[in-house]
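Spelled out, the chains give:
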Amino acid sequence: MKKSKGYRAIAHYYDAEYAGSDVLDNDVPFMLDHLPRKRQHVLELCCGTARASIPLAQAGHHVVGVDYDANLLELAKQKRDSVGIPESDLTLIRGDVTKLKLDQTFDFGFLIFNTLLNFTTIDEQDRLLQLTRDHLKPGGRFWVDIFFPDLSILAAPHHGHYDSATFYVPALNRSVHRTTEINRSTKHVQVQEMTFHYTWADHMGDLHHEKIDFDMTWMFPRELELLLERNGFVVERMYGNYDGSAITPDSPRIILLAKKR
């Protein structure tokens with residue numbers, strides 16, 4: 001089987017392109033409300049620019065964030081330092097989460113904002129979840145947050161110009177327009193081939209084009225629950241949105257809290 005394409009963000013676009021997203025406005029506050037007030041040791045997998053790690057540390061928790069992308073981590077460190085969080089409270093590590101080997105264990109693990117879906121093979125998912133389990137203390141908990149699959153998107157072999165958005169990138173003084181193209185993979189089972197198309201104009205009015213390609217899988221609630229159980233977790237809670245509502249076929253999210261078995 002051919003290897004799937006991993007997601008590699010354009011670092012300076014990342015925060016700007018998702019600013020104002022309902023998911024990003026609500027996921028971290030929701031999970032903070034479910035964390036004990038007592039200081040916890042928290043592991044954020046695929047932490048990116050530390051969007052979640054920073055408020056977790058600001059709430060008094062000790063956080064370790066791991067990501068494979070050096071450019072995203074450099075921005076994360078700049079953001080951490082700009083708000084005065086010491087490295088001892090928020091440690092950022094470059095690494096592959098499917099090969100994770102940290103000399104410490106944690107009370108909580110986080111893998112949010114659909115990131116689990118970038119691991120498209122069963123082997124990748126098993127290795128990721130087994131290593132996550134191994135890095136949790138006895139009885140440690142693990143938060144996973146993905147979107148509930150949209151059947152209308154899954155039913156069609158191709159979607160062009162989906163989910164268009166325009167965002168401003170302060171660091172580059174640039175407004176960028178993004179559209180998403182989705183193709184059902186002919187190489188892999190249960191995989192969509194995603195392309196983000198970016199267009200921007202320079203000060204002379206000349207258009208520039210960039211794109212990133214990556215693969216993404218999808219999961220339904222029962223499938224996710226079984227995947228976690230086979231890798232040493234017991235599902236404690238499952239929500240359909242950040243208001244704490246129960247999951248239904250019309251829910252936008254699958255938000256799951258699992259306990260290390």
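Figured I'd write up the structure that's included with this text. (Residues numbered from 1 in each chain as written. Predicted model: local features only at pLDDT ≥ 70, side-chain atom pairs only at ≥ 80, totals over all residues. Heavy atoms only, no water.)

1. Let's talk about the overall build of the chain
Along its length, the chain carries seven helices and 11 strands. The C-alpha radius of gyration of the chain comes to 18 Å, within 12% of the 18 Å expected for a compact globule of 261 residues. Overall, the C-alpha framework of the chain stretches about 55 × 45 × 35 Å when taken along its three principal axes. Buried residues in the chain amount to 50% of all 261 residues. (Helix = DSSP H or I, 4+ residues; strand = E, 2+ residues; numbered from the N terminus. Rg over C-alpha atoms; globule rule 2.2 N^0.38 Å. Buried < 20%, exposed > 50% of the residue type's maximum accessible area, 1.4 Å probe, protein only.)

2. With respect to the packing of aromatic side chains
Applying the stated criterion across every chain, the model contains 14 aromatic pairs. Note on tyrosine 7 and phenylalanine 196: the rings are 6.5 Å apart at their centroids and 75° apart in plane angle, and the pair reads as edge-to-face. Taken together, the residues span a long stretch of sequence, with tyrosine 7 in the segment before α1 (11–18) and phenylalanine 196 in strand β8 (residues 191–201) at a distance of 189 residues. The exposure class assigned to tyrosine 7 is buried, which follows from its relative accessible area of 15%. Accessibility expressed as a relative area gives 7% for phenylalanine 196, which makes it buried. Where tyrosine 18 meets phenylalanine 113, the ring centres are 5.2 Å apart and the plane angle is 85°; that geometry is what we call edge-to-face. Linking tyrosine 18 in helix α1 with phenylalanine 113 in the loop between β4 (106–111) and α5 (122–134), this pair joins segments that are 95 residues apart in sequence. Overall, the relative accessible area of 14% leaves tyrosine 18 in the buried class. Through a chain of ring-to-ring contacts, three or more aromatic side chains come together here, namely Tyr7, Tyr13, Phe167, Phe196, Tyr198 and Phe214. Here the basic side chain of arginine 51 rests over the ring of phenylalanine 113, its NZ or CZ set 5.7 Å away from the ring centre. The lysine or arginine in question, arginine 178, covers the ring of phenylalanine 196, its NZ or CZ lying 5.2 Å from the ring centre. (Phe/Tyr/Trp six-rings, centres within 6.5 Å; stacked < 30°, edge-to-face > 60°. Lys NZ or Arg CZ within 6 Å of the ring centre and 35° of its normal.)

3. As for the sheet that holds strand β6 (residues 158–169)
Working definition: the strands of a sheet are paired by backbone hydrogen bonds and lie parallel or antiparallel to each other. Taken in spatial order, the four strands make up an open sheet running β6-β7-β8-β9, and their pairing is antiparallel. The outermost strands of the open sheet, each flanked by one partner alone, are β6 and β9 (207–217). On average, each strand axis in the sheet is inclined to that of its neighbour by 20°, with strand direction left out of account. Pairing between β6 and strand β7 (residues 174–184): eight bridges, direction antiparallel. Along β7, the bridge assignment pairs histidine 158 with asparagine 183. With respect to the sheet, α1 is in contact with β6, β7, β8 and β9, its orientation differing from that of β6 by roughly 95°. (Pairing = 2+ DSSP bridges. Axes fitted to C-alpha atoms, helices over the stretch in contact; angles between N-to-C directions. Contact = heavy atoms within 4.5 Å.)

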